[in-house]
Amino acid sequence: MAGEIKPFMLFSFPRAILHLDGDAFFTSVEQAVYPSLRGRPVVTGKERGIIACASYEAKALGIKRGVPLWEAQRKCRDLVVLPSDYETYSLFSKRMFEIMRRFTPTVEEHSIDEGFAEISGLRRLHRTSYEEIARRIKEAVQRELGITVSVGLSLSKSLAKLASKYRKPDGFTVVAGKHVHLFLQRTPLEAVWGFGPNTVHLLSGQGLGTAYDFAVKPEAWAERMLGKVGREIRSELRGEAVYSVTTEEKTLYASISKCKTFTAPSENRDFVYGKLVRNVESAFIKLRRYRLRARVLAVALRRRDYEQTGLEARLNRPTAATQEVMPLVKALFDKLYVPGASYRATMVVLTKLQEDREAQFDLFADRLRIEALSRASRAIDEVNEQFGKHALSLGSSLYLDRNHKTDRDGLPWRKTDLLKGETGRQRLNIPRLSVKV
Amino acid sequence: MKLKFQKDAIIEGLQKVQSVVSPRTTLPILSNVLFKADQKKLWLSATDLEVSVRTAVEAQVSKSGGTTLNARRIFSIFRELSGSEIEMEADDKDVTSITCGSSFFKCIGISEDDFPPLPKFDGGKTYTIDQGVFRQMLEKSSYAASNDETRYVLNGALLSFRGDKLTVVATDGRRLALVEQDVEFPKNAEAELILPSKTINELVRTLGDEGELKIQATDKQVAFEFGEMLVVSKLIEGTYPNFKQVIPAKSEQRIAVEREGLLSAVRRAALMTTDQSRSVKLTFAKNRLEIITETPDVGEARETVPVKYSGKEISVAFNPEFLMDPLRVLESDEIFMEITDELSPGVVKTDVPFIYVLMPMRVS
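Owing to the predicted nature of the structure, the values given are computational and were not obtained by experimental measurement.

The rules behind the values
Residues numbered from 1 in each chain as written. Chains lettered and ligands numbered in written order. Predicted model: local features only at pLDDT ≥ 70, side-chain atom pairs only at ≥ 80, totals over all residues. Heavy atoms only, no water. Helix = DSSP H or I, 4+ residues; strand = E, 2+ residues; numbered from the N terminus. Buried < 20%, exposed > 50% of the residue type's maximum accessible area, 1.4 Å probe, protein only. Contact = heavy atoms within 4.5 Å. Areas by Shrake-Rupley, 256 points an atom, 1.4 Å probe, with all protein chains shown as cover. Salt bridge = Lys/Arg side-chain N within 4 Å of Asp/Glu carboxyl O. Phe/Tyr/Trp six-rings, centres within 6.5 Å; stacked < 30°, edge-to-face > 60°. Lys NZ or Arg CZ within 6 Å of the ring centre and 35° of its normal. pLDDT = per-residue confidence, 0-100. Buried area = accessible area lost by both parts, 1.4 Å probe. Polar contact = N/O pair within 3.5 Å; in protein donor to acceptor, adjacent residues only side chain to side chain. Pairing = 2+ DSSP bridges. Axes fitted to C-alpha atoms, helices over the stretch in contact; angles between N-to-C directions. Parallel < 35°, antiparallel > 145°, perpendicular 65-115°, else oblique. Nonpolar A, V, L, I, M, F, W, Y, C, P; charged D, E, K, R; others polar. Patch = residues over 30% accessible without salt bridge, like charges linked within 9 Å, V, L, I, M, F, W, Y side chains within 5 Å. Core = buried A, V, L, I, M, F, W, Y, C linked by side-chain atoms within 4.5 Å. Left-handed = near helix turned anticlockwise from the far one by under 90°.

If you tally the helices and strands in chain B, you get 6 helices and 26 strands. Evaluated residue by residue, chain B yields a buried proportion of 52% over its 364 residues. For chain B, the share of sequence-separated contacts (at least 6 apart) that also reach a separation of at least 24 residues comes to 67%. For chain B, the computed accessible surface area is about 17500 Å², with 46% contributed by carbon and sulfur atoms.

The next thing to look at is the overall build of chain A. Tallying secondary structure elements over chain A gives 15 helices and 14 strands in all. Residues counted as buried form 49% of the 437 residues belonging to chain A. Here the analysis covers contacts within chain A between residues at least 6 apart in sequence; of these, 65% occur between residues at least 24 apart. Carbon together with sulfur atoms contributes 50% to the accessible area of chain A, which is approximately 22500 Å² in total.

Here the structure, examined in full by the defined rule, presents 47 salt bridges over all chains. Among the salt bridges present, the one from Glu-114 of chain A reaches Lys-161 of chain A, with a minimum N-O distance of 2.7 Å. Of this pair, Glu-114 of chain A sits in strand 6 (residues 114–118) while Lys-161 of chain A sits in helix 7 (residues 157–166); the two residues are 47 residues apart in sequence, bridging distant segments of the chain. Across the pair Arg-288 of chain B and Glu-290 of chain B runs a salt bridge whose closest N-O atoms are separated by 3.3 Å. By sharing partners, the salt bridges in this structure join Asp-172, Arg-174, Arg-175, Glu-321, Asp-325 and Arg-328 of chain B into a single network.

Okay, the packing of aromatic side chains next. Residue and element names in this part refer to chain A. Summed over all chains, the structure comprises 21 aromatic pairs over all chains. When the ring of Phe-262 is compared with that of Phe-271, the centres are 5.3 Å apart and the planes differ by 85 degrees; the resulting orientation is edge-to-face. For Phe-262, a relative accessible area of 2% puts it in the buried group. For Phe-271, a relative accessible area of 2% puts it in the buried group. In this structure an aromatic cluster arises from ring pairing among Phe-25, Phe-26, Tyr-86 and Tyr-89. Looking at Lys-161, its charged tip hangs above the ring of Trp-193, at a distance of 5.3 Å from the centre.

Averaged over chain B, the pLDDT score is 93; the fraction of residues at 70 or greater is 100%. In the predicted complex, the global pTM is 0.66; the interface-specific ipTM is 0.81.

A word on the interface of chain B and chain A. Taken together, the contact pairs 26 residues of chain B with 16 residues of chain A. In this assembly, chain B packs against chain A so that about 2100 Å² is buried in total across both faces, 49% of it on carbon and sulfur atoms. In terms of surface lost to chain A, no three residues of chain B exceed Gln-276, Met-359 and Arg-362 of chain B, which account for 31% of the buried area on that side. Connecting chain B to chain A are 3 salt bridges. Residues Arg-314 of chain A and Asp-148 of chain B are paired through a salt bridge, measuring 3.6 Å at the closest nitrogen-oxygen approach. Inspection of the chain B/chain A interface yields 6 residue pairs in polar contact (both at pLDDT 80 or more). Listing elements by their share of the side of chain B that touches chain A, those giving two or more residues are strand 13 (175–182) and strand 26 (361–363) of chain B.

Now for the sheet that holds strand 3 (residues 53–54) of chain A. Paired through their backbone hydrogen bonds, the strands of a sheet run either parallel or antiparallel. Residue and element names in this part refer to chain A. Within the open sheet, the 3 strands sit side by side as 3-2-4. Their pairing is mixed. Unpaired on one side and paired on the other, strand 3 and strand 4 (80–82) mark the two borders of the sheet. Relative to strand 3, strand 2 (residues 42–44) is paired through 2 bridges, and the arrangement is antiparallel. Opposite Val-43, over in strand 3, you have Ala-54 as the bridge partner.

Residues and elements named next belong to chain A. Following both chains from N to C, one finds helix 1 (residues 25–33) and helix 4 (residues 86–103) inclined at 95 degrees, their axes separated by 10 Å at the closest point. By the angle between their directions, the pair helix 1 and helix 4 is classed as roughly perpendicular. Across the interface between the two elements, Phe-25, Phe-26, Val-29, Glu-30, Ala-32 and Val-33 from helix 1 touch Tyr-86, Thr-88, Tyr-89, Phe-92, Ser-93 and Met-96 from helix 4. Counted by class, the contact of helix 1 with helix 4 contains 9 nonpolar, 2 polar and 1 charged residues.

Residue and element names in this part refer to chain B. Looking at the secondary structure, you find Ser-45 in strand 3 (residues 41–47). Here Ser-45 falls in the buried class, since its relative accessible area comes to 7%. If we ignore the near neighbours within four places in the chain, the residues touching Ser-45 are Asn-32, Val-33, Leu-34, Val-53, Arg-54 and Phe-115.

What follows concerns the pairing of strand 14 (residues 191–196) of chain B. Side chains on a regular strand alternate between the two faces of the sheet. All names here are of chain B. With 5 of 6 residues buried, strand 14 lies mostly within the body of the structure. By the bridge criterion, 6 bridges tie strand 11 (residues 156–162) to strand 14 in an arrangement that is antiparallel. Bridge pairing links Gly-156 to Pro-196 in strand 14.

Moving on, we get to the pairing of strand 7 (residues 85–90) of chain B. Residue and element names in this part refer to chain B. Only one face of strand 7 is buried: it carries Ile-86, Met-88 and Ala-90, and the other face, with Glu-85, Glu-87 and Glu-89, is open. Pairing between strand 1 (residues 2–6) and strand 7: 5 bridges, direction antiparallel. Note on strand 7: the bridge partner recorded for Phe-5 is Ile-86. Once strand 7 ends, the chain turns through 4 residues before running back antiparallel as strand 8 (residues 95–100), passing Asp-94 with a positive phi of about 60 degrees.

Another point: a nonpolar patch on the surface. Taken together, the side chains of Val-383, Phe-387 and Leu-392 of chain A define a hydrophobic patch exposed on the protein surface, amounting to about 270 Å² of accessible area. For Val-383 of chain A, the location among the structural elements is in helix 14 (residues 367–387).

Mapping Glu-303 of chain B onto the fold places it in strand 21 (residues 299–306). Residue contacts for Glu-303 of chain B: discarding those within four places in its chain leaves Ala-265, Arg-268, Ala-269, Leu-289, Glu-290 and Ile-291 of chain B.

Time to look at the nonpolar core. The tendency in soluble globular proteins is for nonpolar side chains to be buried side by side. Phe-35, Phe-78 and Phe-134 of chain B are the most contacted members of the largest nonpolar core, which has 99 residues in total. Apart from the residues within four sequence positions on either side, Phe-134 of chain B is in contact with Ile-129, Leu-159, Leu-166, Leu-203, Leu-207, Leu-213, Ile-215 and Phe-224 of chain B. Formed by 64 residues, the second largest nonpolar core is a distinct cluster that contains Leu-18, Tyr-89, Met-100 and Val-180 of chain A.

Residues and elements named next belong to chain A. With an omega dihedral of -5 degrees, the bond running from Lys-168 to Pro-169 counts as a cis peptide bond. Considering the arrangement of structural elements, one finds Pro-169 in the loop between helix 7 and strand 8 (172–174). Look at His-390: it is not a glycine, yet its phi comes out positive at around 65 degrees.

Looking now at the packing of helix 12 (residues 269–289) of chain A against helix 13 (residues 322–336) of chain A. Residues and elements named next belong to chain A. Helix 13 packs onto helix 12 with a crossing angle of 145 degrees between their chain directions and a minimal axis gap of 11 Å. Along this stretch, helix 12 crosses helix 13, giving a crossing that reads as right-handed. Contact residues: helix 12 offers Arg-269, Val-272, Tyr-273, Leu-276, Val-277, Val-280, Glu-281, Phe-284 and Arg-288, while helix 13 offers Thr-322, Val-325, Met-326, Val-329, Lys-330, Phe-333 and Asp-334. In the contact of helix 12 with helix 13, the residues fall into 10 nonpolar, 1 polar and 5 charged.

Now for the sheet that holds strand 1 (residues 17–22) of chain A. Residue and element names in this part refer to chain A. The sheet built from 5 strands is open, its strands ordered 5-6-1-7-8 with mixed pairing. Edge positions in the open sheet fall to strand 5 (107–111) and strand 8, since each of these has one partner strand only. Mean inter-strand twist for the sheet, computed between neighbouring axes without regard to direction, equals 15 degrees. Where strand 1 lies against strand 6, 5 bridges are found, and the strand directions are antiparallel. Considered in strand 6, the bridge of Asp-21 is made with Glu-114. Contacts between helix 4 and the sheet are confined to strand 1, strand 5, strand 6 and strand 7 (149–154), with strand 5 contributing the most and set at about 155 degrees to the helix.

Below, the structure is given as structure tokens:
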């Protein structure tokens, strides 16, 4: 039988890390911008035909993320369906992190709608408890942005993340060191950050049911079952922080990928290829912006039924010139494309990136041609700098208008209702509320 | 099979063959060495199906026969034995007993019938060259070969037998090394072979300083016979790039540089390079060569090497590793650098027919 249940530690907060998670972030932002939508079931993702985010009112009706729109609309006739307005979401996101940084400089932007903050040692500065600091952060975000967030406060990133999920929406959960063992007993394995379905299967096969069962296993056991990650997660769950809150903004990319789903799936070869080329162009624009070169290029096509095929190719030399890889992209596309199949997305991934500070010339390559192509890329960047992204692009983009329009093509209000001086590409960098004054 | 041999002799023999045995293989027999005893000798063979190696060890054979044993294990056993004479006996179930002083081992092997036979050679072209000369030619060129599997033609060295000359060329597309040697062979034996890097390494390790080397080649494979050694290798099939077109016909400036001095200066300057910033800049000015590395966030290095030079000032950047490679293997005290400008290839030459072409780097 299991022995006596003892706490992992007697301290409350040897470290204090909080996790802040926006509740149904995209729809919350929409409801903040259009106050008239408050209290109504709202979903975003009109442009894809699949729900990207559902408000809590919609969730109450059983409408979840990932569900096709037609299915959701059958469940709820008054459903408000909006196209995603990533521009406004990211503006809200930026503000959210700025508010967190007013309390502590150690803030990690984990994704658009969630972040970690380390508040260890800040009690003296704010003259109050960790719990109160966390509560103030939550209240400041909610008051200033008009959205609700859930906050978890605990001793490690893994525990804080579990705590913020524990009560949602508008949750506030504090798990002190001496209570960790009680909290973990109420936490199922699948809730743990880093445990996917396979891991959960593996562990439940070993007779484990809760996160607590895992945390009390010996360290060597965790390592044997799940390797280094297993050992780390075990320590995190026991309140010994392994993962630190990292503040650096990502500047060094390991890979650059571009994936775009089309508004309606297409069987038109030229259109699908045009979409792929557009993704390649966008990826290379980003590559050049960060002064990088790519050595490996992968291309994938996704069919209407989500069946996906891809191919990877290694380049003879790393490059940042779009046109240098186009023959290769064409060859990969020709191998992947099945005539008659209906495609919904194309993607390109550039990996093995290196800095474009210096280049080793090649003995057998046509150097004049390579120089010409990189000059062409630079020229394209300069033109587009002035006239907008993709103003100057490869010829295959002429086919991009060939896909028939659907009712999904609606643009977010932010892009249709422009202020004086705003353009399709450049708009004022502040969120706008849709309220009549 | 029953025989006796000296520990030193078997260790030396196994060292010559076991490097061919790949540590991970799907066929268990390829992890083994074939032991085959005839009247006077013990023959040892190993293969990875690309390269096969056979050598012989002096032995007192009381009963001929053969078996195969795991290469790594048997080598470790022989190495650790404390006596100097080893007795070995294999029964017909391929269980081998090894006795040496107070030690006794029993090793379970695999039948010699399962061991892939050495490729047969019928006809082909034959060449004869001095072992030491051939080894030096490989040493002076093979480091320039590519290990990028997507450029498989470059994963070895080209042996070009043409016009009474053997030319060995290796390149990875960024630098190219070439050595030439007069060799006599009949006109109809002119041929071009691309020898895989693994075979080159095996040859460089086992070729002696003197004695004759017999090379026999067909379209797909080549055999090297020297002393008791036989190395048989597949050739890389494909067309080697036209290396002659990338050797500059002439360069603007030819500067004599003391080899050791240049090597150590470049080695020091290279200490300030990083993975992201891998170039050193060479500036030829009046009677001096400056080698400069400047790496953001790391620092800089400045080396000066005295040279006899009175031409115009030229700067060119190279990957220091590529520049050091030939300097390490050459023997002459003085080398010649031929430079044109910062975009043209640099050339390293010596008195003997050796050419090394190195593409510069663009530094922004």
